[in-house]
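Residue-level structural notes
What follows is each chain in one-letter form.
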Amino acid sequence: MFGDVEKLTEKANALLSDPSTDRNLHLERCRGSYESHCERFALMNPNFCRQYAHLYAERLEQQRVFVLLSAQKKWGSRIPVRKLSELTVGEKCVVVGTLFKHMELKPNILKEVSEEHNLLPKPPRRTFTDEADTLILEDEVQRTVLVGDIDVLTSVTGVIIAVMGEEQEDGHFRVDEFCFSELPAQLSRPVLQADAYIAIVSGLNVGGHVDTMLSLQLLIDYLTGVLGGENDQAEVASITRLIIAGNSLSKSTNDSANKTKYVTRHAQADSVEGVKALDDILLQLVASMDVDLMAGESDPTNFMLPQQPLHRCMFPQAAKYETFHNVTNPYEADVSGIRLLGTSGQNVTDICRFSGNDDPVEVLEKTLLWGHLAPTAPDTLACYPYYNEDPFILTSCPHIYFAANQPSFQCKNFEGPAGQKVLLLTIPRFSETSTCVIVNLRSLDCHPISFEMRAPAANGIDLDVDK
Amino acid sequence: MSKQSSRPITEIYKATRKREGIVTKVENAGKYEAKSDIKAKNKTETKPKCEQEVAVDEDQELELLKQFDLDSKFGPCIGITRLERWERAAKHRHIPPQQVKDIILSHHEDQLYTQCLWNEYHM
């Protein structure tokens, strides 16, 4: 619909024509049903006097059941399931535990402190993988080194895995095969009568020193139906919702302790300016459609996952509208019956940093297969110390699964072992690519829309029109 | 401390469990007799039995709770209350002993029963 060539030429002709004489053209935005499922990510009465052992124990307990089911399906019930303490040398068995990847180059506070006197500034690394990394399997009381047919480079810490193999004489466990939790069942997708779309954008980075206001204003004008001819407006009216998936404020607005703030009398903090600008942007959007605002890595909310919604008092103008929703960072909701699950990208970025996976869509697929949104939490990704639950475990399979703030737009149709069909999406940063993503809820197609301002070729012509 | 002349150090710093309301050991050095009074006061909540029997029951209960804490089947114990750990074990169908829950609930205001063994060590 959006990308049809004939329609595009038709649209172009309509744009360059005289204004329509039909004054009674009244377009109304369609609103689908909405149900939020973010309750498990809300932190009520947070208590930080706990260690993370509870979170790992809980994760193992919950996922062990499903991993064992998956193991039985794959290898049958003849091969016995053993705990690590019950292993005997040479016996082929199945063991379930948490994977731990021992990485030499992983930033370690103990190493930093012990080497304090001889600290050389280390260059910032993009990934911390190394040839000498080893995989270790842990259960409640013991751990053992894994060798054999398992790929160390693409594995990450925190995944619950079932390995089949045997213990060797040197104490290591030789892996023949392995498997993960099976992907949970997916609710059947409702059949929608008409095309309904949602728009997802991320990485607005307002308040920074990079000027993206023109592209941003174009995006707002497009989504509120101010841009384009009647045909465009009719199409935009079927966009039911906008999701702003994190990093709405630029990292430079995070007032760092090193910067001397308020040196001059009338200087305002960057963050205040940034939030005011964001409020103005949101006001234009919420007046016209439902907007879900997620927090991201550079936004003023708690740093650890799950990030809590940005506070309403920061957006005095936009918060007055009932179409304004501030939501948690892993975000899960039913839009027109379609289950949507997504994050602001910290989980995917962290996995890419600590493993050899560098394709964000592949990482999304892997997290689905591992059955966990953010397995590296709490090891390298900051996370709240839960004791009674692990809300990042996937309990139902979504229809749309996205990770925002990635370098580029990518999409993939993933098919699960039990016929689950998931649309995997990576949403690019708007401040770098000026691109937002439109998803068709009826057919689960998606395409990007770019508002990039291409500067003309630098051939010395001055574009200053006021001259 | 060197001022306390003839009494052995084990009488001055007698090993007792720290309970709420008891002053610290150093300050108590002069008030040695007061400790048994405080202990007796805390016991008036239970049924009137002779003091020795009550002490034995209490020790057995605390021993049971300590074994519950140390049983690795129910998961880590530090940082959560015993009741929370019991509920979590029940949720995962590890069948924690009902007696443990009864003991905790009957002494629900006493930190010695509700909190785990390592509670005072601030980990």
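Located above this text is the structure these notes cover.
First, a word on scope: everything that follows refers to the structure included in this document.

Each value, and the rule that gives it
- Throughout this description, residue numbers start from 1 for each chain and increase along the sequence as written.
- Following the order in which they are written, the chains are lettered starting with A and the ligands numbered starting with 1.
- Local features in a predicted model are, by the rule used here, given only for residues with pLDDT of at least 70; side-chain atom pairs are given and counted only at 80 or more, and totals for whole chains, interfaces and linings are based on all residues.
- Hydrogen atoms and water are omitted, and side-chain values are computed over all heavy atoms in the structure.
- The helix count covers DSSP runs of H or I at least four residues long, the strand count covers runs of E at least two residues long, and both are numbered beginning at the N terminus.
- Burial status follows relative accessibility: with a 1.4 Å probe on protein chains alone, a residue under 20% of its type maximum counts as buried, one over 50% as exposed, and anything between as partly exposed.
- In this description, contact between two residues means that some pair of their heavy atoms is separated by no more than 4.5 Å.
- In this description, accessible areas are obtained by the Shrake-Rupley approach with a 1.4 Å probe, and a residue is regarded as covered only by the protein chains that are shown.
- Note on definitions: buried area is the accessible-area loss of two parts on being combined, 1.4 Å probe, summed for both.
- Basic side-chain nitrogens of Lys or Arg form a salt bridge, by our definition, when they fall within 4 Å of a carboxyl oxygen of Asp or Glu.
- For the purposes of these results, a polar contact is taken to be a pair of N or O atoms within 3.5 Å, where, inside protein, one atom must be able to donate a hydrogen and its partner to accept one; residues adjacent in sequence count only when each atom of the pair is a side-chain atom.
- In the scheme used here, Gly and all other residues not listed as nonpolar or charged are polar, with Ala, Val, Leu, Ile, Met, Phe, Trp, Tyr, Cys and Pro taken as nonpolar and Asp, Glu, Lys and Arg as charged.
- Here is the rule: rings of Phe, Tyr and Trp (six-membered ring for Trp) pair when centre to centre is within 6.5 Å. Planes less than 30 degrees apart are stacked, more than 60 are edge-to-face, and the remainder are tilted.
- Our definition puts a charge over a ring when NZ of Lys or CZ of Arg is within 6 Å of the ring centre and also within 35 degrees of the ring normal.
- Angular values range over 0 to 180 degrees, each being the angle between N-to-C directions of two axes fitted as lines to C-alpha atoms, with helices fitted over their stretch in contact.
- Note on angle classes: values under 35 degrees are labelled roughly parallel, values over 145 roughly antiparallel, values of 65 to 115 roughly perpendicular, and the remainder oblique.
- Crossing chirality is assigned from the near helix's rotation relative to the far helix, an anticlockwise turn below a right angle marking it left-handed and a clockwise turn marking it right-handed.
- In this scheme, patches are assembled from residues that exceed 30% relative accessible area and form no salt bridge. Like charges are connected within 9 Å, while nonpolar side chains (Val, Leu, Ile, Met, Phe, Trp, Tyr) are connected within 5 Å.
- Two strands are counted as paired when DSSP detects at least two bridges linking them.

This part is about the overall build of chain A. When you go through chain A residue by residue, the secondary structure sums to nine helices and 17 strands. When the 467 residues of chain A are sorted by exposure, 48% land in the buried category. If you take every contact in chain A between residues at least 6 apart in sequence, the share linking residues at least 24 apart comes to 74%. For chain A, the accessible area works out to roughly 23,300 Å², and carbon and sulfur atoms hold 54% of it.

Quick look at the overall build of chain B now. Check the secondary structure of chain B and you find six helices and zero strands. The order of α-helices and β-strands along chain B, N terminus first, is α-α-α-α-α-α. Scored against the burial criterion, the 123 residues of chain B give a buried share of 26%. Of the contacts formed within chain B by residues at least 6 apart in sequence, a portion of 41% connects residues at least 24 apart.

Time to look at the interface of chain B and chain A. The partner chain A presents twelve residues to the twelve residues of chain B that form the contact. Contact between chain B and chain A buries roughly 1,000 Å² in total, counting both sides, with carbon and sulfur atoms accounting for 50%. Summed over the three residues of chain B that lose the most area to chain A, namely Pro-76, Arg-88 and His-92 of chain B, the buried surface amounts to 40% of that side. For the interface between chain B and chain A, the tally reads one salt bridge. For Lys-91 of chain B, the salt bridge goes to Glu-58 of chain A, with nearest N and O atoms at 3.2 Å. Across the chain B-chain A interface, the total number found is seven residue pairs in polar contact (both at pLDDT 80 or more). Residues that form the side of chain B that touches chain A fall into these classes: five nonpolar, four polar and three charged.

This paragraph deals with the packing of aromatic side chains. This model, assessed by the stated rule, comprises eleven aromatic pairs over all chains. Judged by centre distance (6.3 Å) and plane angle (70°), the ring pair of Phe-180 of chain A and Trp-370 of chain A falls under edge-to-face. Taken together, the residues Phe-180 of chain A in the loop between strand 6 (173-179) and strand 7 (197-201) and Trp-370 of chain A in helix 8 (residues 360-370) connect sequence positions 190 residues apart. Here Phe-180 of chain A matches Trp-370 of chain A in class, with each residue buried. By way of ring pairs, the aromatic residues Phe-48, Tyr-384 and Tyr-386 of chain A are connected into one cluster. Here the basic side chain of Arg-241 of chain A rests over the ring of Tyr-34 of chain A, its NZ or CZ set 3.7 Å away from the ring centre. Over the face of the ring belonging to Phe-68 of chain B we find Arg-85 of chain B, whose NZ or CZ atom lies 4.9 Å from the ring centre.

All names here are of chain B. Where helix 4 (residues 82-91) contacts helix 5 (residues 98-106), the two axes come as close as 10 Å, and the packing angle between them is 150°. When the axes of helix 4 and helix 5 are compared, the pair comes out roughly antiparallel. Relative to helix 5, the crossing made by helix 4 is left-handed. Where helix 4 approaches helix 5, its residues Arg-82, Leu-83, Trp-86 and Glu-87 are matched on the opposing element by Gln-98, Val-100, Lys-101, Ile-104 and Leu-105. Looking at the contact of helix 4 with helix 5, its residues break down into five nonpolar, one polar and three charged.

Residue and element names in this part refer to chain B. On the surface, a nonpolar cluster with roughly 400 Å² of combined accessible area is contributed by Leu-70, Leu-117, Trp-118 and Tyr-121. Looking at the secondary structure, you find Leu-117 in the segment after helix 6 (111-114). Judged by its relative accessible area of 31%, Leu-117 falls in the partly exposed class.

Bringing the pattern of salt bridges into the picture now. Residues and elements named next belong to chain B. One pass over the full model with this rule turns up 23 salt bridges over all chains. A salt bridge links Asp-69 to Arg-82; the shortest N-O distance between them is 2.8 Å. Of the two residues, Asp-69 is situated in helix 3 (residues 51-70) and Arg-82 in helix 4; the sequence distance between them amounts to 13 residues. Among the residues examined, Asp-69 registers a relative accessible area of 4% and is labelled buried.

All right, on to the sheet that holds strand 7 of chain A then. All names here are of chain A. Across the sheet, which stays open at both edges, the six strands sit in the order 10-9-8-7-16-17 with mixed pairing between neighbours. Two strands lie at the open edges of the sheet, namely strand 10 (324-326) and strand 17 (446-450), each paired on one side alone. The average undirected angle you get between the axes of adjacent strands in this sheet is 20°. Bridge count for strand 7 against strand 8 (residues 239-245) is five bridges, and the pairing is parallel. By the bridge assignment for strand 8, Tyr-197 is matched with Ile-239.

On to the packing of helix 3 of chain B against helix 5 of chain B, then. All names here are of chain B. Where helix 3 meets helix 5, the axes come as close as 10 Å, and the angle between the chain directions of the two elements is 120°. Taken as axis vectors, helix 3 and helix 5 run oblique relative to one another. As for the relative orientation of helix 3 and helix 5, their crossing is left-handed in sense. Two secondary-structure elements touch here, helix 3 through Glu-61, Leu-64, Leu-65 and Phe-68 and helix 5 through Gln-99, Val-100, Ile-103 and Ile-104. When the residues that make up the contact of helix 3 with helix 5 are grouped by side-chain class, the tally is six nonpolar, one polar and one charged.

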